[in-house]
Amino acid sequence: MNFFLRGNSARNGGILLAAACFLSACDRVVPEAKDSELSDSSAELIGAAVAKALMESLGGQLKGALESGGPVGAVEVCQQVAMPLTAAAGGSLEGVSVRRTSLKTRNPMNAPDAVDREVLETMATQSPPQVTLRREGEVTRYYQPLVVQELCLKCHGNPATFPAELTSVLASLYPEDTATGYAVGDLRGAIRVDVKQP
Ligand code: HEC
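**Things to note about the confidence of the model for the chain**
Here's step 1: For the chain, the mean per-residue pLDDT works out to 81, and 80% of the residues sit at or above 70.
Here's step 2: Confidence, expressed as mean pLDDT per element, reaches its minimum in the chain at helix α1 (residues 19-26) with 28 and its maximum at helix α3 (residues 114-123) with 98.
Here's step 3: Taken together, the stretch residues 1-36 has pLDDT below 50 and engages in 68 contacts with residues farther than four places along the chain or on a different chain.

**Examining the site of the ligand**
Here's step 1: Around the ligand lies a shell of 23 residues, among which R106, C152, C155, H156 and R188 are the nearest.
Here's step 2: Within the contact set of the ligand, a nitrogen atom lies 2.9 Å away from a side-chain nitrogen or oxygen of H156.
Here's step 3: Of all the elements in the fold, those that place two or more residues in the shell around the ligand are α2 (38-89) and α4 (153-156).
Here's step 4: Top contributing element to the shell around the ligand by residue count: α2, with seven residues.
Here's step 5: Class assignment of the residues belonging to the shell around the ligand gives a composition of 15 nonpolar, four polar and four charged.

**As for the packing of aromatic side chains**
Here's step 1: Counted under the stated rule, the structure contains zero aromatic pairs.
Here's step 2: Across the ring face of Y182, the terminal group of K104 is positioned such that the distance to the ring centre comes to 4.5 Å.

**Considering the coordination of the iron atom of the ligand**
Here's step 1: If you check the protein contacts of the iron atom of the ligand, you find one donor only, H156 (NE2), at 2.1 Å.
Here's step 2: Structurally, H156 is set in helix α4.

**Here we look at the nonpolar core**
Here's step 1: Among the nonpolar cores identified, the biggest contains 17 residues, and V50, A51, L54, V98, Y142, I191 and V193 are the most heavily contacted of them.
Here's step 2: Of all the secondary-structure elements, those providing two or more residues to this core are α2, β2 (96-101), β4 (139-147) and β5 (187-196).
Here's step 3: Discounting residues that sit within four places of it in the chain, I191 has contacts with A51, L54, M55, V98, R99, R100, Y142, Y143, Q144 and L146.
Here's step 4: Among the nonpolar cores identified, the runner-up in size contains eight residues, and V72, V75, L166 and Y174 belong to it.

Criteria and cut-off values
- Residues numbered from 1 in each chain as written.
- Predicted model: local features only at pLDDT ≥ 70, side-chain atom pairs only at ≥ 80, totals over all residues.
- Heavy atoms only, no water.
- pLDDT = per-residue confidence, 0-100.
- Helix = DSSP H or I, 4+ residues; strand = E, 2+ residues; numbered from the N terminus.
- Contact = heavy atoms within 4.5 Å.
- Near = heavy atom within 4 Å.
- Polar contact = N/O pair within 3.5 Å; in protein donor to acceptor, adjacent residues only side chain to side chain.
- Nonpolar A, V, L, I, M, F, W, Y, C, P; charged D, E, K, R; others polar.
- Phe/Tyr/Trp six-rings, centres within 6.5 Å; stacked < 30°, edge-to-face > 60°.
- Lys NZ or Arg CZ within 6 Å of the ring centre and 35° of its normal.
- Donors = N, O, S within 2.8 Å, 3.2 Å for Na, K, Ca; no water.
- Core = buried A, V, L, I, M, F, W, Y, C linked by side-chain atoms within 4.5 Å.
- Buried < 20%, exposed > 50% of the residue type's maximum accessible area, 1.4 Å probe, protein only.

Written out as structure tokens, the structure is:
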């Protein structure tokens, strides 16, 4: 099993929704690959591009929804679009699939498997958390860390600060929600892009 921790530049200091982060995910120089690592390099390129596209589409939906409906309306939009947008992110590419995961999930469908958990636990010790590749048989998993920004606190911060309406909509849509109590800079979770390579 291969386990690469690729050095990411300090530029990605955790700005999830800003263009700087998307660029740093993409314009990294692909390291000179040995033959055995070639497939992991292409998985890295595909993973970076797909994760970037998903962050842009989810981030755009989230910002628009927050502006028009505040956190309560945005939760409803999120609930309807987050899973389909995530599933669609890799949909047009054969052998590519995408999910989001976290050590503390809001939607239990995003729960980590054993490999996800191990990767997230390692990322949580890194400052800033690093893009991570894991090879599992024919599949290379690309993990893009998601770091908590000020904006995220509206729905993932201290529940005592939430408006009552938000607390109640979260409780009804996500009775198993554990994704609160975060602070800016914490690791929130990761986008995982699976790239199948025979
Ligand atoms: C308007 C409220 C809201 C805001 C703001 C928000 N989220 Fe979420 N988040 C949600 C909801 C609702 C879900 C569950 C969506 C689903 O069904 O997959 C979720 C799920 C997630 C997940 C998937 C794992 C899980 O817990 O199920 C991640 C990762 C995540 N959010 C990260 C972020 C980050 C990073 C930010 C800030 C950029 C952010 N969220 C801002 C409401 C929000």
